[in-house]
Amino acid sequence: FSSNRNYVAFWQEQEKRHFEDRFENVQVYVDYMKPRLRELYRVLKPTGSFYYHCDWHASHYIKMLLDTDYLFGYKNFRNEIVWKRTTSHGDWKQGAKHFGRVHDIILLYTKSDDYTWNTQFLPFSTRQIEQQYNKVDGSGRRYRLVTPTAKKPGGDTSYEWKGVKPPKGRYWAYTRDKMAEMDSKELLYYSNTGQPYIKYYLDERPGVAVQSIWDDVMPMSPTSKERLGYPTQKPESLLERIIKTSSNQGDIVLDSFCGCGTSVVVAEKLKRKWIGIDISPTACRIMAQRLEKSFYLKEGKDFFIRDMPKTVDELRQYPAFEFQNWAINALGGIPSKMKVRDSGIDGKLYPIEDIQKSKKEGMDLFGTIDNYIPIQVKRTDQVGRPDIDNFETAMKRDKRTKGIFVGFSFSRDAEKEVRRIQRDEGLEIECITVDEIIERQLNGRFK
């Protein structure tokens with residue numbers, strides 16, 4: 001989105017993750033997207049469609065990029081869709097001097113003229129029904145009248161029908177045989193002048209074809225059951241419209257900036273194959289949890305997560321909060337809601353029976369269950385004695401007698417302090433290195 005802001009995501013009220021959507025300027029953002037768009041264009045099937053969701057910051061720059069000949073080209077541009085994602089903005093109260101920015105842009109391109117397209121429809125509104133389908137036949141069915149003429153000729157369409165010719169400059173829109181067929185089915189209505197009209201019955205119409213302004217797809221409400229707390233999470237109905245329009249059952253849906261996995265979940269529900277990609281390992285884990293919760297799919301059996309970090313060097317490159325999430329999740333714990341000012345406790349390890357009970361009864365583990373082991377995580381090369389002292393203070397404050405400390409390595413002074421604390425204070429601190437976590441994961445000892 002090139003929105004130049006930080007997002008803070010709360011997932012299932014148990015995880016909080018910071019991630020950045022920052023670029024120095026629009027050119028940096030465009031340069032970042034360019035090689036990724038080339039790859040997406042390369043793997044797209046000739047019958048495939050490409051949707052790019054963005055907002056007012058860079059939509060016009062991205063369209064210029066997509067219009068280039070080495071990507072889709074202007075001739076393969078199909079739509080600029082306006083999605084009204086919110087009802088109003090009250091920033092005028094803070095002195096904003098612009099119209100409220102209440103919509104996002106979705107750019108639609110195809111790779112050729114032969115692409116999958118399934119028209120989607122919306123129900124008629126009460127007003128449309130009353131104004132357009134304002135006639136009722138003897139059986140109580142509503143219908144409207146539509147002229148069977150056209151501006152351009154198409155074969156033998158200048159004939160006389162029951163003594164009536166098309167108005168000057170127009171032609172019949174149907175052949176004589178088709179008109180006779182409709183007449184035999186009592187689908188033609190004749191005015192006082194003998195002019196025929198076609199009856200369009202309301203109960204036979206699919207509705208109103210979806211247009212390029214989408215103001216019927218509601219944004220995520222604070223109380224929505226779908227809401228995971230991911231800041232740019234899209235409603236499932238938005239992805240459902242896109243996937244239904246441009247694919248059929250068995251087709252492959254690829255989302256290369258998958259976030260919390262809404263596109264993957266919707267694709268699975270609509271019986272499409274899918275591939276989801278995200279730079280965040282935590283996001284990939286959230287996707288896996290959604291698939292298991294929604295469809296009872298099992299990782300390693302029904303789907304696979306590839307290219308997750310497995311080495312110490314790879315883990316050293318993690319952002320601080322991502323590394324913290326990884327370590328706590330690997331231990332089977334639950335990351336703290338607070339990532340800053342967390343009072344020295346990054347996560348908590350609960351007995352499995354308490355976790356099962358909390359899910360069953362809808363309880364908040366952090367707020368209602370006192371039976372836990374605190375976890376502290378440090379991404380520094382070596383955990384020192386001051387780090388251990390701080391964790392000791394946090395444990396005493398929370399009245400904990402056992403805790404877990406995770407780090408890449410521990411200094412001799414730190415290990416010595418751990419032994420002293422256990423001897424003099426009766427507090428047990430288990431020091432676990434990243435190497436040990438990786439080894440236990442490989443041996444299947446962490447689930």
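Residues numbered from 1 in each chain as written. Predicted model: local features only at pLDDT ≥ 70, side-chain atom pairs only at ≥ 80, totals over all residues. Heavy atoms only, no water.

Asker: Can you walk me through the overall build of the chain in this structure?
Answerer: Helix and strand counts for the chain come out as 14 helices and 21 strands. Residue burial in the chain is summarised as follows: out of 447 residues, 40% are buried. Nonlocal contacts in the chain, meaning residues at least 24 apart in sequence, comprise 61% of its contacts between residues at least 6 apart. For the chain, the accessible surface area stands at approximately 26,300 Å², while carbon and sulfur atoms represent 49% of it. (Helix = DSSP H or I, 4+ residues; strand = E, 2+ residues; numbered from the N terminus. Buried < 20%, exposed > 50% of the residue type's maximum accessible area, 1.4 Å probe, protein only. Contact = heavy atoms within 4.5 Å. Areas by Shrake-Rupley, 256 points an atom, 1.4 Å probe, with all protein chains shown as cover.)

Asker: Is there a simple way to think about the side chain of S59 in this case?
Answerer: Its location among the elements puts S59 in helix α2 (residues 59-66). Residue S59 is classed as buried on the basis of its relative accessible area, which comes to 10%. With residues up to four places along the chain from it excluded, the contact list for S59 reads C54, I105 and L107.

Asker: Whenever I open this one, a nonpolar patch on the surface confuses me. Can you help?
Answerer: Residues V43, I252, L254, I275 and I277 make up a contiguous nonpolar surface patch of about 430 Å² in total accessible area. Mapped onto the elements, I277 comes out in the loop between β16 (273-276) and α7 (281-295). In this structure I277 comes out as partly exposed when scored by relative accessible area, which is 41%. (Patch = residues over 30% accessible without salt bridge, like charges linked within 9 Å, V, L, I, M, F, W, Y side chains within 5 Å. Salt bridge = Lys/Arg side-chain N within 4 Å of Asp/Glu carboxyl O.)

Asker: Is there a simple way to think about the pattern of salt bridges in this case?
Answerer: Any two side chains of opposite charge can pair, so long as their charged atoms come close to each other. With the rule as written, the count across this model stands at 26 salt bridges. A salt bridge links D113 to R78; the nearest nitrogen and oxygen atoms lie 2.9 Å apart. Taken together, the residues span a long stretch of sequence, with D113 in the loop between β5 (103-110) and β6 (121-122) and R78 in strand β4 (residues 77-84) at a distance of 35 residues. According to the relative accessible area criterion, R78 is partly exposed, its value standing at 24%. Ionic pairing is found between E299 and R285, a salt bridge with its closest N-O pair at 2.9 Å. In this pair, E299 sits in the loop between α7 and α8 (312-316) while R285 sits in helix α7, placing the two residues 14 residues apart along the sequence. Residue classification places R285 among the partly exposed residues on the basis of a relative accessible area of 36%. Among the charged side chains, a network of salt bridges with common partners joins R385, D389, E392, K396, E417, R420, R423, D424 and E425.

Asker: What should I look at first to understand the packing of aromatic side chains in this one?
Answerer: The description of two aromatic rings rests on the distance between their centres and on the angle between their planes. This structure, assessed with the given rule, holds 16 aromatic pairs. Centre to centre, the rings of F323 and W326 are 6.0 Å apart; their planes meet at 25°, and the pair counts as stacked. Residue F323 and its partner W326 are both found in helix α9 (residues 320-330); the two are separated by three residues, about one turn of the helix. Using a relative accessible area of 1% as the deciding quantity, one classes F323 as buried. Arranged with centres 5.8 Å apart and planes meeting at 50°, the rings of Y350 and Y372 form a pair that is tilted. Here Y350 is found in the loop between β18 (347-349) and α10 (352-361), whereas its partner Y372 is found in the loop between α11 (365-368) and β19 (373-377), with 22 residues between them in sequence. (Phe/Tyr/Trp six-rings, centres within 6.5 Å; stacked < 30°, edge-to-face > 60°.)

Asker: I would appreciate a short explanation of helix α12 (residues 385-397) in the present structure.
Answerer: Note on helix geometry: an α-helix contains 3.6 residues per turn, so any two residues three or four positions apart are oriented the same way. Here α12 contains 13 residues, and its C-alpha end-to-end distance of 19 Å stays within 8% of the 18 Å for a straight helix at 1.5 Å per residue. Here α12 has its buried residues at I388, F391, E392, A394 and M395. All buried residues of α12 fall inside an arc of 165° around its axis, so they share one side. For α12, the exposed residues lying more than 90 degrees away from the buried face are P386 and N390. Its buried side turned inward, α12 meets β19, β20 (402-407), α13 (412-425) and β21 (428-433). (Expected span 1.5 Å × (residues − 1). Arc of directions from axis to C-beta.)

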